[in-house]
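Spelled out, the chains give:
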Amino acid sequence: MVQGDRAYDSQPHRDYLHARGIQTQLARRHTPHGSGLGRTRWVVERTLAWLHRFRRLNVRYERRASIHTAFVLLGCSLICWNFLKPLVDF
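These notes cover the structure that comes with them.

About the cut-offs
- Residues numbered from 1 in each chain as written.
- Predicted model: local features only at pLDDT ≥ 70, side-chain atom pairs only at ≥ 80, totals over all residues.
- Heavy atoms only, no water.
- Helix = DSSP H or I, 4+ residues; strand = E, 2+ residues; numbered from the N terminus.
- Rg over C-alpha atoms; globule rule 2.2 N^0.38 Å.
- Phe/Tyr/Trp six-rings, centres within 6.5 Å; stacked < 30°, edge-to-face > 60°.
- Lys NZ or Arg CZ within 6 Å of the ring centre and 35° of its normal.
- Polar contact = N/O pair within 3.5 Å; in protein donor to acceptor, adjacent residues only side chain to side chain.
- Contact = heavy atoms within 4.5 Å.
- Buried < 20%, exposed > 50% of the residue type's maximum accessible area, 1.4 Å probe, protein only.

Topic: the overall build of the protein chain
Phase 1: The secondary structure content of the protein chain amounts to 4 helices and 2 strands.
Phase 2: Taken from the N to the C terminus, the helices and strands of the protein chain come in the order β-α-β-α-α-α.
Phase 3: Relative to its length of 90 residues, the protein chain is extended, with a C-alpha radius of gyration of 17 Å against a globular reference of 12 Å.
Phase 4: When the backbone C-alpha atoms are referred to their principal axes, the protein chain occupies close to 50 × 35 × 25 Å.

Put into structure tokens, the structure is as follows:
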């Protein structure tokens, strides 16, 4: 599923995604605010904010994509560890 704000509301975008079997949840233009996307989209926004706490991910210093990907994976691992640590009794 792809979620997007009003900037992505166009028929070519919808056709492109539907042709590939991807469901869409795009806010419609010229409609009142309150589409409901914020209820689930905040998870993505929060996670990106958590990743940007790591300086190497906030400003990309690495030229090689593989090194940057390794730091993204390390950042995701640390976020998961910190999120799950209170739930696990060691």
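Overview of the packing of aromatic side chains
Phase 1: Enumeration over the complete set of coordinates arrives at 1 aromatic pair.
Phase 2: Ring centres of W50 and F83 lie 6.4 Å apart, and the angle between their planes is 45 degrees; this geometry places the pair in the tilted category. Here W50, found in helix α2 (residues 38-51), pairs with F83, found in helix α4 (residues 65-84); they are 33 residues apart in sequence, far enough to count as distant.
Phase 3: Above the face of the Y16 ring, R20 is positioned so that its terminal group lies 3.8 Å from the ring centre.

Let's talk about the side chain of R14
Phase 1: Within the secondary structure layout, R14 lies in helix α1 (residues 11-19).
Phase 2: At 3.5 Å, the side chain of R14 forms a polar contact with the backbone oxygen of L26.
Phase 3: Those residues in contact with R14, other than ones at most four positions away along the chain, are D9, T24, L26, A27 and R28.

Details of the environment of V72
Phase 1: Secondary-structure assignment places V72 in helix α4.
Phase 2: Residue V72 is classed as partly exposed on the basis of its relative accessible area of 25%.
Phase 3: Separated by 21 residues in the primary sequence, V72 and L51 have C-alpha atoms spaced 7.7 Å apart.
Phase 4: Residue contacts for V72: discarding those within four places in its chain leaves L51 and L57.

From the geometry alone we can't say anything about function, so treat these as descriptive.
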